[in-house]
Amino acid sequence: MSTPVSDLNRRDFVKAGSLASLMAALGGVPITAQDAPKPAEGTLPVPKADPNYKEKPVGPPVKFGLIGLGAQGREVITQLAKLPNGPVAAICDNYKSSIRRAAEAAANAKQVEDYRAVLDDKDVQAVVIATPTHLHKEIALAAMQAGKHVYLEAPLAHTIEDARAIAKAASALPAKQIFQAGLQFRGNPQHHHVLKFFRTGASGKTASAYAQFNRKNSWRRASPNSEREKALNWRLYKDTSLGLIGEVGIHSLDCTSWYLDKLPVSVTGFGSILQWQDDREVADTVQAVVEYPGGVRMTFASTLACSFESEHQIFYGSDAAILIRDNKGWMFKEVDAPLLGWEVYARKDDMLSDSGIALVANATKILAQGKKPAEAASETDSPVKYALEKFIEHVNEGTKPTGGWQEGFEATVTAIKANEAVATGSKITFQKEWFAV
């Protein structure tokens, strides 16, 4: 598993000599002159905008080929269009209608129906594979063999054998050839920011975790062609889909393993078709309990019958609970939790009967630009954009992604077995060899 991103400890929160150094150490607590109370004499000063602040220069362009132009593929094109160095050179799908629809957002891209034409294109430096999960293996292996940088949507594959083959090939790539799994939280600065608080013990001893994904959506797509409709609705059938917990919940499963820095030991699942009574085979409502070493359990719940509370993740600790929702984070402290020294300066948001300390990523940067974190916190980008932005950075700098082949494989194994538990209504104990490449 990944190593901690920070070796700060609880004493660093208290010992830091100024609020500015605290903010630098933590990645930025959202504080401005308007948000913070006026400090008394001898207390920590409120930092001001840095007139010498400079943005990190944008790296050279990386030309992309997009393979798979369904909803996720089109989202990738939309987010790449927002990046100054992510031009789309080629788009590919075996369905002409999908190509025509995607071409509206990628007018200058070559249009092909065979993915091998993308891999043979010398203009294409990197490929994003956004096909249905069960089609990933052949394309991913061919893309790596062709020398392309590969961004592969998660899960890596729909079987452990296929995922292992992809991971094994990726592990043998030259250091400068980048493979990144589409684990969206891994590239999100908000999750990295919250992780620093979590790893320093600001929330105390972790007791449990919870994540959910709720949407009133059938997942079904219509087509006048019955054969095409079957292909479009691959997520609804067991032979091609890992269901709600595998196709969507994998991000929350991965986030929990990442934050705890541990692999799960067991998973118990439940699933039912409660809302959408059609020919689907995968459940539209699921729950799973994933156990980690030491007895910490993460509960994942998802339904396509109701949108209430949408999606979020919570880590419950003895000193505080940490909530992550919509690229924002809050810490809700227990009344008996020790003071860490910086709370009085942090912005607080009221939620129902609780008051949460806002944990805003890049607050130091926001302050340096003379902006208010309280306002900038709402200006969040898509997790897909953050992930692609980091991918381009890794390609240009030849650095290892936070969500590389190993993290992608481990998350995929976890998701596959969690889906199996949901489908069978049983408990599955993870075997060490399942995670071996």
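An account of the accompanying structure is given in this report.

The rules behind the values
- Residues numbered from 1 in each chain as written.
- Predicted model: local features only at pLDDT ≥ 70, side-chain atom pairs only at ≥ 80, totals over all residues.
- Heavy atoms only, no water.
- Helix = DSSP H or I, 4+ residues; strand = E, 2+ residues; numbered from the N terminus.
- Buried < 20%, exposed > 50% of the residue type's maximum accessible area, 1.4 Å probe, protein only.
- Contact = heavy atoms within 4.5 Å.
- Salt bridge = Lys/Arg side-chain N within 4 Å of Asp/Glu carboxyl O.
- 1 Å grid on protein atoms, 1.4 Å probe; cavity = no way out; pocket = protein on both sides within 12 Å on 5 of 7 lines; lining within 4 Å.
- Points joined across faces, edges and corners; volume = space filled by probe spheres on them.
- Nonpolar A, V, L, I, M, F, W, Y, C, P; charged D, E, K, R; others polar.
- Pairing = 2+ DSSP bridges.
- Axes fitted to C-alpha atoms, helices over the stretch in contact; angles between N-to-C directions.

**Here's the deal with the side chain of Thr-414**
Right, on to step 1. Relative to the elements of secondary structure, Thr-414 occurs in helix 15 (residues 405-424).
Right, on to step 2. Thr-414 gets classed as buried once you look at its relative accessible area, which sits at 3%.
Right, on to step 3. Once you skip the residues sitting within four places of it in the chain, Thr-414 turns out to touch Leu-253, Pro-264, Phe-430 and Phe-435.

**Structural notes on the environment of Arg-347**
Right, on to step 1. Within the secondary structure, Arg-347 sits in the loop between strand 13 (328-333) and strand 14 (348-351).
Right, on to step 2. In sequence terms Arg-347 and Leu-359 are twelve residues apart; their C-alpha atoms lie 8.5 Å from each other.

**Overview of the pattern of salt bridges**
Should the charged atoms of two oppositely charged side chains come close, the side chains can pair.
Right, on to step 1. A complete count under the given rule lists 14 salt bridges for this structure.
Right, on to step 2. Between Lys-385 and Asp-381 there is a salt bridge; the shortest N-O distance is 3.2 Å.
Right, on to step 3. We note a salt bridge from Glu-420 to Lys-417, for which the minimum N-O separation is 3.1 Å. Separated by three residues within a single helix, Glu-420 and Lys-417 lie in helix 15, roughly one turn from each other.
Right, on to step 4. Relative accessible area serves as the criterion here: at 34%, Glu-420 is assigned to the partly exposed category.
Right, on to step 5. Taken together, the salt bridges that share partners define one network made up of Arg-220, Asp-278, Asp-279 and Arg-280.

**Some words on empty space enclosed by the protein**
Right, on to step 1. Evaluated as defined, the whole model comprises two cavities of 30 Å³ or more.
Right, on to step 2. The computed volume of the largest cavity comes to approximately 60 Å³.
Right, on to step 3. Lining of the largest cavity is provided by eleven residues; of these, Asp-254, Ser-257, Glu-410, Ala-411 and Thr-414 occupy positions nearest its centre.
Right, on to step 4. Elements supplying a minimum of two residues to the lining of the largest cavity: helix 11 (250-260) and helix 15.
Right, on to step 5. With four residues, the single largest contributor to the lining of the largest cavity is helix 15.
Right, on to step 6. Classifying every residue of the lining of the largest cavity by side-chain character gives five nonpolar, two polar and four charged.

**Focus on the sheet that holds strand 9 (residues 285-291)**
Hydrogen bonds along the backbone pair up the strands of a sheet, which may run parallel or antiparallel.
Right, on to step 1. The ten strands lie next to each other as 14-15-13-12-11-7-10-9-8-16, forming an open sheet whose pairing is mixed. At either end of the open sheet lies a strand with only one pairing partner, and these are strand 14 and strand 16 (427-429). Strand after strand, the sheet turns through a mean of 20° between neighbouring axes, direction not considered.
Right, on to step 2. With three bridges joining them, strand 8 (residues 266-272) and strand 16 adopt antiparallel strand pairing. Bridging across to strand 16, Val-267 finds its partner in Ile-428.

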